[in-house]
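Okay, here's what each chain looks like letter by letter:
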Amino acid sequence: MTLISFVVPAYRVQGYLRECLDSILGQPESDIEVIGVDDCSPDDSGEILAEYADRDPRVHAVRLPENAGLGPARNVGLDRAVGEYVWFVDGDDWLEPECLTAVSDRLRATRPDVLVVDHVRAWWNTSTTRSGMRDVYPEPPGPETFRLRERPEAVHLLHTAWNRLLRRQFLVDNGLRFAPGWYEDVSFTYPALMLAERIGVLDVVCVNYRQRRTGAITRTRGERHFEVFEQWHRVFRLMERWQPAVDELRPVVFERMIWHYLTVLGNGERIAPELRPRFFARITTDYRRWRPPQGYPVPPGVDGVKHRLVAAGRWRTFSALRNAYLARDAAGQRARRVKRRVTPVARRTARRTRDVLLHEYYRTELRRPVDPTLAVYAAYWYRGYACNPAAIYEAARRLAPRVRGVWIVRRDRVDTLPEGVEYVVAGTPAAYRTLARARWLVNNVNFPDAVRKRPGTVHVQTHHGTPVKVMGLDQQRYPVGAVGMDFAGLLRRVDRWDYSITSNSFSTQMWDRAYPAAYTTLEVGYPRNDRLVTASRAEVLRIRADLGVRDGEQVVLYAPTHREHLPGYRPPFDPDCLLDVLGPAGRLLMRSHYFHDRDRRTLRAVDRDRVHDVSAHPRVEDLYLAADLLVTDYSSAMFDYAVLDRPIVIYAPDWEAYRLARGVYFDVTAEPPGAVTRTFAGLLEAFRSGAVRGEAAEEARRRFRDRFCALDDGHAAERVVRRVFIEGV
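Residues numbered from 1 in each chain as written. Predicted model: local features only at pLDDT ≥ 70, side-chain atom pairs only at ≥ 80, totals over all residues. Heavy atoms only, no water.

Asker: For the sheet that holds strand S22 (residues 675–677), give the residues involved together with the corresponding values.
Answerer: Pairing in this open sheet of six strands is parallel, and the strands run S19-S18-S17-S20-S21-S22 from one edge to the other. Every interior strand has two partners, whereas the edge strands, strand S19 (611–613) and S22, have only one. Strand-to-strand twist in this sheet, taken as the mean axis angle between neighbours without regard to direction, amounts to 20°. Across five bridges, strand S17 (residues 554–558) lies against strand S18 (residues 586–590) in parallel orientation. (Pairing = 2+ DSSP bridges. Helix = DSSP H or I, 4+ residues; strand = E, 2+ residues; numbered from the N terminus. Axes fitted to C-alpha atoms, helices over the stretch in contact; angles between N-to-C directions.)

Shown next as structure tokens:
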């Protein structure tokens, strides 16, 4: 028999689901199954479950015809489970590596009905908060099993389904299932504890309970939080049915109910101010209805005062005390912030003074009306006219001519702008004025922190590549590659986004996790890739001629990415050796990452007859069109170039080091767009042998294109313009 059936419900968790599944399937215990239940999720959660089911026989994917909610979705998984134990793991949480060894050993040794495991709360900034297990059990609880009446303190362990494993036959024999609605864990976990003959506690952290910045019901205000009352009513109705067997447990369970009600009421992110008096009144009603005749253990201190105020129905006094405590905490926080802001006057420089004056000018411009026709564009930290913003700008000029587009560029890049493009220079009053008054702001990176999101304005984040390496908040787990990053500031910038443009569902999933905020995703393909689809043969020949390529020459573009964790690193690459293999008809274009635009020595290539350093070329799309083959490593260039359906070679000499230090979202050596080599000698051999265009490489590229390039049909920019500039007006 399978030991553990994992039931993983999935609804709007596409950014986290892969991590969850990988954490389960990567455990050393193989005697498991995973039942993924797609609760009719509107995102790609269902597709992810199906993908994992296709490649791993331990995974079974179920799709519900309509959204049923977390409780019913878990029931569907329970009905299909065959394991001796069932573990309900939420799709946005993940397991600790190798924790299943300790769990399996305990299950096999003690055969409990319920085994509670430890967890930590995992916050967006990578900090963790320990659970209350040590408070409940200051000393390790040991392997012995017990009944709840023997150790009633176990009710103080967090009452969730995901921090415990339950014997499946125990659930079936007692008819234990999840009720619909919010707070469904309450009416499932407490009855299970009361009925269990053998309860175990394993003080090993197994679950990382993700504290999501957006999307969690615990951070969603509304009347649905009143559903907590009906869940607790179910518990007490069951206790009445089971009398007198559970009478002695009634006091501790009652205390937990009042504690839970007060926890929900005290959370300002759940109960809006206008709903709090009514919620408090419901607590008082339940207090008087369900209070045990023999009394219950009233907690000491402030918590005890709260209980007594609930018993008396004194909302005004309760509210006044709550406001007093909140005011005290706020005052303390303000004092700490003021202390941190104090800096010596001597540190202020002339440059700082200029920045202050410009900022004041910007604030003045913010008070002027928004220009309803103005759109401001920028790319790569004002490096010039490029990428997705340029493609959107061109489409907007054609489809929405009433929109006036203005670019912000660095002074040293003004001469790279196409003729007729209106611009302002970054850091000047004109640039601040444009930023302050624009109706639309379009960028493939973030605008500076000083930029404010005005009411009625629309911020469009186009991004600039499908991610191989981890990005955003995920970089916190790889500090070597995230030196100097301000993640709190990053989130403030992300909160300005109204739209996030993605080129494929994989990018959408990763951005959801890396940049959690309330923006709308436009999964439409990459606007910059439209040109790769629509370019005519005549245009390609013209570009090749401009680059000095002669008829019949085979052009190889080498475009490695940069390594933040290894400044100055140069991938081993000898252009002359590659040209020897290519033969007299070969030509090599070498392009450094745009981060190296001030270091032309990056590739150590000099222009000569058949080798060209094209790092300064203003439009990388021209280079893609000109090239017959791409050699890259972990650059997003592979996703764009794949649109052309031409050969790609992954040359990854430092793959293991890069993966461990910088972090990646998927293994490009296992799921490549073509041939793969880890050494320069292997790269040369791939060309000599023809493997770069072999059958295996062709099949790999087909799979890669199906996964990442399906939306790049030449109309992505048009879709963005219609949604943002036309339909959004």
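Let us keep going from here.
Asker: Got a sec to walk through empty space enclosed by the protein? Specific residues and values, please.
Answerer: According to the stated counting rule, one finds three cavities of 30 Å³ or more in the structure shown. Of the volumes computed, that of the largest cavity is approximately 60 Å³. Around the largest cavity sit Asn443, Val445, Asn446, Phe447, His459, Val460, Gln461, Arg493, Arg496 and Trp497, which together line it. Of the residues that constitute the lining of the largest cavity, the class distribution is four nonpolar, four polar and two charged. (1 Å grid on protein atoms, 1.4 Å probe; cavity = no way out; pocket = protein on both sides within 12 Å on 5 of 7 lines; lining within 4 Å. Points joined across faces, edges and corners; volume = space filled by probe spheres on them. Nonpolar A, V, L, I, M, F, W, Y, C, P; charged D, E, K, R; others polar.)

Asker: Lay out the packing of helix H9 (residues 250–266) against helix H11 (residues 301–312) in plain terms, naming residues and giving numbers.
Answerer: In the contact formed by H9 and H11, the axes pass within 11 Å of each other and the chain directions differ by 90°. In terms of their interaxial angle, H9 and H11 are classed as roughly perpendicular. Across the interface between the two elements, Glu255, Ile258 and Leu262 of H9 pack against Lys306, His307 and Val310 of H11. Of the residues belonging to the contact of H9 with H11, the class tally is three nonpolar, one polar and two charged. (Parallel < 35°, antiparallel > 145°, perpendicular 65-115°, else oblique. Contact = heavy atoms within 4.5 Å.)

Asker: Account for the environment of Arg74, naming residues and giving values.
Answerer: By the secondary structure assignment, Arg74 is in helix H3 (residues 70–80). Sequence separation between Arg74 and Arg282 is 208 residues, and the spatial gap between their C-alpha atoms is 29 Å. Those residues in contact with Arg74, other than ones at most four positions away along the chain, are Val7, Pro9, Phe88, Asp90, Ala161, Trp162, Phe178, Glu184 and Asp185. Of note is the side chain of Arg74, whose polar atom sits 3.0 Å from the side chain of Asp90. Among the polar contacts listed, one links the side chain of Arg74 to the side chain of Glu184, at a separation of 3.3 Å. (Polar contact = N/O pair within 3.5 Å; in protein donor to acceptor, adjacent residues only side chain to side chain.)

Asker: I'd like to hear about the packing of aromatic side chains, residue by residue, with values.
Answerer: In the structure shown here, the tally under the stated rule is 41 aromatic pairs. Centre to centre, the rings of Phe280 and Phe318 are 5.0 Å apart; their planes meet at 50°, and the pair counts as tilted. Of this pair, Phe280 sits in helix H10 (residues 276–290) while Phe318 sits in helix H12 (residues 315–341), and the two are 38 residues apart along the sequence. Note on Tyr624 and Tyr641: the rings are 6.0 Å apart at their centroids and 70° apart in plane angle, and the pair reads as edge-to-face. Of this pair, Tyr624 sits in helix H21 (residues 620–626) while Tyr641 sits in helix H22 (residues 637–641), and the two are 17 residues apart along the sequence. Residue classification places Tyr624 among the buried residues on the basis of a relative accessible area of 4%. Here the aromatic cluster, defined as three or more aromatic residues joined through ring pairs, consists of Phe506, Phe639, Phe666, Phe704 and Phe708. Geometry around Phe146 places Arg151 over its ring, the cationic atom sitting 4.9 Å from the centre. (Phe/Tyr/Trp six-rings, centres within 6.5 Å; stacked < 30°, edge-to-face > 60°. Buried < 20%, exposed > 50% of the residue type's maximum accessible area, 1.4 Å probe, protein only. Lys NZ or Arg CZ within 6 Å of the ring centre and 35° of its normal.)

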